[in-house]
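# Summary of the model geometry
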Amino acid sequence: MTMTLTEQIITIALCVLATAATRFLPFLVFSETRPTPKYVQYLGRALPGAVFGMLVVYCLKNVAFLSGSHGLPELIAILVTAALHLTFKKMLVSIAGGTVCYMLLVQLVF
C-alpha cells in the first residue's frame, strides 16, 4: 500500500505539529511565575526509574537462561551499563555503552 503525495504531506505535517506541540506545551502549561505542581515534581523523580525498570523487564522477558548462551550477553551488558552509570552518571553514556556492549557480544562472541 502506497500513499499519495497529498497523504505523505499530511502525514509529515501532522508529525511536525505533534512534535512541536509536545515540545512547547509544557512551557505554556507551566509558566516560570508559578511553581511546578507537586505531582509533576513527583512524576519527574519517579518515572525515570520506573521506565528503566520496565525496560529491563522487557529486554529480559525472552532470555533463555537454560539454553544457548544462558543469558550471558544480557548479564554482561547490564553490568557494563550499571558500571558506566555509576562511573559517569550520564544516562546517554550508560544506554549507548550498554547497547554497544550487547551488540558486540551478540555479533562477535556468542
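Let me sum up the structure you'll find in this document. (Residues numbered from 1 in each chain as written. Predicted model: local features only at pLDDT ≥ 70, side-chain atom pairs only at ≥ 80, totals over all residues. Heavy atoms only, no water.)

Tallying secondary structure elements over the chain gives four helices and zero strands in all. In terms of C-alpha radius of gyration, the chain reaches 20 Å, well past the compact-globule figure of 13 Å for 110 residues. Once the C-alpha set of the chain is aligned to its principal axes, its extents read approximately 50 × 50 × 25 Å. Buried residues in the chain amount to 9% of all 110 residues. Considering only contacts in the chain between residues 6 or more positions apart, those separated by 24 or more positions represent 43%. Carbon and sulfur atoms form 75% of the exposed surface of the chain, whose accessible area is close to 9,300 Å². (Helix = DSSP H or I, 4+ residues; strand = E, 2+ residues; numbered from the N terminus. Rg over C-alpha atoms; globule rule 2.2 N^0.38 Å. Buried < 20%, exposed > 50% of the residue type's maximum accessible area, 1.4 Å probe, protein only. Contact = heavy atoms within 4.5 Å. Areas by Shrake-Rupley, 256 points an atom, 1.4 Å probe, with all protein chains shown as cover.)

Attention shifts here to helix H4 (residues 91-109). Taking 1.5 Å of rise per residue, 19 residues should cover 27 Å, and H4 covers 26 Å from first to last C-alpha, within 8% of that figure. Along its buried surface, H4 packs onto helix H3 (72-88). (Expected span 1.5 Å × (residues − 1).)

In the Ramachandran plot, His70 falls in the positive-phi region, its phi being about 60° despite a non-glycine side chain. Locating His70 in the fold gives a position in the loop between helix H2 (38-60) and H3.

Turning next to the environment of His85. Of note, His85 is situated in helix H3. Among the residues examined, His85 registers a relative accessible area of 36% and is labelled partly exposed. With sequence-adjacent residues up to four places away left out, His85 is seen in contact with Lys90 and Ser94.

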